[in-house]
Amino acid sequence: MGGKVKAIAGEITVARGPWSETLLVCRKCSKRLGGGFGPDGEAPLAGALKGILRERRLRRTVRVIEVGCLDICPKKGVVVVRGRAPSEMLIVPAGMQDEAVAARLLASDLTPPATAGS
Ligand code: FES
């Protein structure tokens, strides 16, 4: 993306990004848990996911977006919806290890963007 996109009256415009996947993470579930993820178990799920993506060089391939309540409201878990599978509301339990979270939420065909010279 880059720059501002202006709405055009009477038309629906498309703003494209570099991502191949989006993960919608319930902000309210995360707030209720007050952490529960990451190496020390104190990070919110969205933050832990961003760390996982950074380690795998997928920050520009997968977009993590925090959203409002998705009306599932699990106890001791966070609801995530993958853009590629919008009918599945995934409940990620607090304390789940990064590797297990990544294995379930990230498709195996996601690859880092090509860089100049590679
Ligand atoms: S609080 Fe997360 S789904 Fe309702």
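Described in the following lines is the structure provided in the data block. Computed from a predicted structure; not experimentally measured.

1. With respect to the nonpolar core
Membership of the largest hydrophobic core comes to 21 residues, with the highest contact counts inside it found for Leu23, Val25, Leu45, Leu49, Val78 and Val80. Those elements giving two or more residues to this core turn out to be strand 1 (21-26), helix 2 (45-55), strand 2 (62-67) and strand 3 (77-82). A total of six residues in this core trace back to one element, the largest contributor, which is helix 2. The contact partners of Leu49, leaving out residues within four places of it in the chain, are Leu23, Val25 and Val64.

2. Considerations on the environment of Val62
With respect to the element layout, Val62 can be found in strand 2. Judged by the 22 C-beta atoms lying within 10 Å of it, Val62 falls in the buried class. For the pair Val62 and Lys50, spaced twelve residues apart in sequence, the C-alpha to C-alpha distance is 9.0 Å. Each residue touching Val62, except ones within four places of it in the same chain, is listed here: Trp19, Glu21, Leu23, Leu53, Leu106 and Leu110.

3. Considerations on the environment of Ala15
Within the secondary structure, Ala15 is located in the segment before strand 1. Residue classification places Ala15 among the exposed residues on the basis of 9 C-beta atoms within 10 Å. With 35 residues separating them along the chain, Ala15 and Lys50 place their C-alpha atoms 22 Å apart.

4. What about unusual backbone geometry?
Look at Asp71: it is not a glycine, yet its phi comes out positive at around 65 degrees. With respect to the helices and strands, the residue Asp71 is situated in the loop between strand 2 and strand 3. Take Asp71: there are 8 C-beta atoms within 10 Å of it, and that puts it in the exposed class. Even without a glycine there, the phi angle at Lys76 is positive, about 60 degrees. Inspection of the secondary structure puts Lys76 in the loop between strand 2 and strand 3.

What counts, and at which threshold
Residues numbered from 1 in each chain as written. Predicted model: local features only at pLDDT ≥ 70, side-chain atom pairs only at ≥ 80, totals over all residues. Core = buried A, V, L, I, M, F, W, Y, C linked by C-beta atoms within 7 Å. Buried ≥ 20, exposed ≤ 12 C-beta atoms within 10 Å, placed from the backbone. Helix = DSSP H or I, 4+ residues; strand = E, 2+ residues; numbered from the N terminus. Contact = placed C-beta atoms within 7 Å.

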